[in-house]
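One-letter residues, chain by chain:
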Amino acid sequence: MNYWNPYLETLPREELDKIELSYFKKIFSYAKEYSILYQEKMKGIDLRDIKTPDDIKKIPLTDKEELRKYQEMEPFPYGGILGRSIDEVTTFRQTSGTTGKPVYVPETYESWQWRIEAWCHILYMAGFRPHHRVFLPFGYNVYVAFWEAHYASEKLGCELVPGGALDTKGRIHKIIEIRANGMMNTPTYGLHIAEEAKNMGIDPASLGIERMLCAGEPMPEATRRRLEGLFGCHVFDHIGGTEPCAWAGMCEVKEGLHIIEPFFLVEILDRETLQKEVEEGEIGVAVVTPLGRRSFPLIRFNTKDLVIKGKETCLCGRTSRKIKEVVGRTDDLRKIRGVLFSPKTVEEAIRHEFPEVVEFEIVVERKGIMDEITIRTEVAPGLSEKEIDHVKARLRENLKVKTNLSFHVQMEPPGSLPRYTLKAKRFKDMRETRND
Ligand SMILES: [Zn+2]
């Protein structure tokens, strides 16, 4: 087993903790000096107050709303979040803006290189090497993950093939034509490529993909395995975001994700109080501080990602902390008829036990005083009426057991539900409109 950075990846735990505390202090005082957001936010907090990792917990969290607010200032378009002179900014990126006004992310050459280096850890950990010809089946636009993937592959010595401006069929032809053996995509788009290949009479496993790196949405283990089965390849997960960068990735042991230390200080906090760290095996909210990015300093950013805290050791020998599982977004977790519901549970059940289901969508509505939950389901073409009835009954039963909620199962004609290329939106809560 080898590492992208053997020194950092095998540092003893105490050393990592020491380094992270010292990096945290550095970025904290830097932010306080150069970013208007933190000059105002951290007024009453002195660097001398931070002596131990516990002291970090006294510093307030930063959320997306604050970034949006401070961006309204000059200089346009980054305003008070900027940590360098605007003349030093060399790339513009932004968040998708699907939940409100986008956040604009400034990167200087220096901060971009830092970001790419962190990404190299993720790629290398997932077994990508110079002999891989990696197909990236997206148009990059202003979205950071594709550009990170592109430049990190290049730095690692892979051969990167940009696959924008093609439809899915065109991309499949391109993979075959140039014999790509690596791919990076959302889990949903991976499944879609497999489905489209089958429609074209091509077995996805014959495409020759050896390694696939996924992100963009929580990937249940059953989905990861389904992708491995369909493409006959190794599939890895990682997690990140536009503001905090990609901060954890899966190693070849394929049990949870390693936090990329000491690039990031990651806290997993109790989701009710957002104060104390959760124990191993417990669910919490990931709060991330990128420790070396100065163009856009972020201190204790509330990612709103729900994760389960993992073990402190791994068979791969890396000493970084792990998360066991990505559960979803805090926004996705809803109460339905008083029961806490996560859409990921349904995806897990479907990918694991219902190979005949090709697409689905969950709709929650309020009928009178009752919440009703419907799963619109699309099965593979060619199933008999009797088989479809059987799927319906099994689905109703299975979801009841898994979620403690009764679902209406509604069958939809083949090809009628939306197919997603980026983040899937399979969960629709019609009871309220949320904006966050
Ligand atoms: Zn590992």
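Residues numbered from 1 in each chain as written. Predicted model: local features only at pLDDT ≥ 70, side-chain atom pairs only at ≥ 80, totals over all residues. Heavy atoms only, no water.

1. Notes on helix α7 (residues 144-156)
- Its 13 residues give α7 an end-to-end C-alpha distance of 18 Å, which sits within 8% of 18 Å, the value for a rise of 1.5 Å per residue.
- Along α7, the positions that sit buried rather than exposed are V144, F146, E148, A149, H150, A152, S153 and L156.
- Those residues of α7 that are buried lie in contact with β1 (89-94), α6 (109-125), β3 (133-136), β4 (159-162), β5 (182-185) and β8 (245-249).
- In the stretch just after α7, G157 is the one whose phi turns positive, near 100°. (Helix = DSSP H or I, 4+ residues; strand = E, 2+ residues; numbered from the N terminus. Expected span 1.5 Å × (residues − 1). Buried < 20%, exposed > 50% of the residue type's maximum accessible area, 1.4 Å probe, protein only. Contact = heavy atoms within 4.5 Å.)

2. A closer look at α6
- Counted at 1.5 Å a residue, the expected span for α6 with its 17 residues is 24 Å, and the 25 Å between its end C-alpha atoms agrees.
- In terms of burial, α6 is a largely internal element, 14 of the 17 residues being buried.
- A positive backbone phi angle near 85° is found at G127, which sits one or two residues after α6.

3. Description of the packing of aromatic side chains
- Enumeration according to the criterion identifies 15 aromatic pairs in this entry.
- Taken together, a centroid distance of 4.9 Å and an interplanar angle of 85° make the contact between Y140 and W147 edge-to-face.
- For Y140, a relative accessible area of 10% translates into the label buried.
- Seen in terms of ring centroids, W147 and Y151 are 6.4 Å apart; in terms of plane orientation they differ by 20°. Their pairing is stacked. Taken together, the positions of W147 and Y151, both in helix α7 and four residues apart, correspond to about one turn of that helix.
- The exposure class assigned to W147 is partly exposed, which follows from its relative accessible area of 23%.
- Joined through ring pairs, the aromatic side chains of W112, F138, Y140, F146, W147, Y151 and Y189 make up one cluster.
- Between R93 and the ring centre of W112, over which it is positioned, the NZ or CZ distance is 4.6 Å.
- Its guanidinium or amino end placed over the ring of Y30, R294 lies 5.5 Å from that ring's centre, counting from NZ or CZ. (Phe/Tyr/Trp six-rings, centres within 6.5 Å; stacked < 30°, edge-to-face > 60°. Lys NZ or Arg CZ within 6 Å of the ring centre and 35° of its normal.)

4. Structural notes on the side chain of N185
- Here N185 lies in strand β5.
- Once you skip the residues sitting within four places of it in the chain, N185 turns out to touch P137, F138, G190, M212, L213, C214 and A215.

5. Quick notes on the domain arrangement of the protein chain
- Domains assigned within the protein chain are domain 1 (1-330) and domain 2 (334-429).
- Here the C-alpha centroids of domain 1 and domain 2 sit 30 Å apart.
- With 22 residues of domain 1 at the interface, the matching set in domain 2 holds 20 residues.
- Buried surface at the junction of domain 1 and domain 2, summed over both partners, amounts to about 1,700 Å²; 53% is from carbon and sulfur atoms.
- When the buried surface of domain 1 facing domain 2 is broken down by residue, T188, P220 and R226 rank first, second and third, together holding 30% of it.
- Seen at the junction of domain 1 and domain 2, the total is two salt bridges.
- The salt bridge involving R419 is made with E195; its shortest N-O contact spans 2.9 Å.
- For the interface between domain 1 and domain 2, the tally reads seven residue pairs in polar contact (both at pLDDT 80 or more).
- Elements with a minimum of two residues in the side of domain 1 that touches domain 2: α9 (187-199), α10 (221-231) and β13 (322-329).
- Residue contributions to the side of domain 1 that touches domain 2 peak at five residues, all from α9.
- Of the residues that constitute the side of domain 1 that touches domain 2, the class distribution is 10 nonpolar, six polar and six charged. (Domains from an automatic or database assignment. Buried area = accessible area lost by both parts, 1.4 Å probe. Salt bridge = Lys/Arg side-chain N within 4 Å of Asp/Glu carboxyl O. Polar contact = N/O pair within 3.5 Å; in protein donor to acceptor, adjacent residues only side chain to side chain. Nonpolar A, V, L, I, M, F, W, Y, C, P; charged D, E, K, R; others polar.)

6. Thoughts on the coordination of the zinc ion
- For the zinc ion, the full set of protein donor atoms is C251 (SG), H258 (NE2), C314 (SG) and C316 (SG), at a range of 2.1 to 2.3 Å.
- Each of the four donor atoms around the zinc ion contributes to a set of angles spanning 101 to 117°, which defines the coordination as tetrahedral.
- Counting the intervening residues between successive donors of the zinc ion yields the motif C-x6-H-x55-C-x1-C. Of this pair, C251 sits in the loop between β8 and β9 (257-259) while C316 sits in the loop between β12 (301-309) and β13, placing them 65 residues apart in sequence.
- The buried category is assigned to C316, whose relative accessible area is 2%. (Donors = N, O, S within 2.8 Å, 3.2 Å for Na, K, Ca; no water. Tetrahedral: all angles 85-135°; square planar, octahedral: opposite > 155°, others 65-115°.)

7. Re the sheet that holds strand β19 (residues 427-429)
- Reading across the sheet, the four strands line up as β18-β17-β16-β19 and stay open at both edges, with mixed pairing between neighbours. The open sheet has two free edges, formed respectively by β18 (407-411) and β19, since each of these has just one partner strand. Adjacent strand axes in the sheet meet at a mean angle of 20°, parallel and antiparallel pairs treated alike. (Pairing = 2+ DSSP bridges. Axes fitted to C-alpha atoms, helices over the stretch in contact; angles between N-to-C directions.)

8. Details of unusual backbone geometry
- Cis geometry is adopted by the peptide bond preceding P77, which originates at F76 and carries an omega value of -5°.
- The topology assignment puts P77 in the loop between α5 (64-71) and β1.
- The omega torsion across E261 and P262 is -5°, close enough to zero to call that bond cis.
- Of note in the backbone geometry, L274 takes a positive phi value of approximately 55° without being a glycine.
- At N404, a residue that is not glycine, the phi angle is positive and equals roughly 65°.
- When you line up the elements, N404 lands in the loop between α12 (385-403) and β18.
- The class of N404 is exposed, set by a relative accessible area of 54%.

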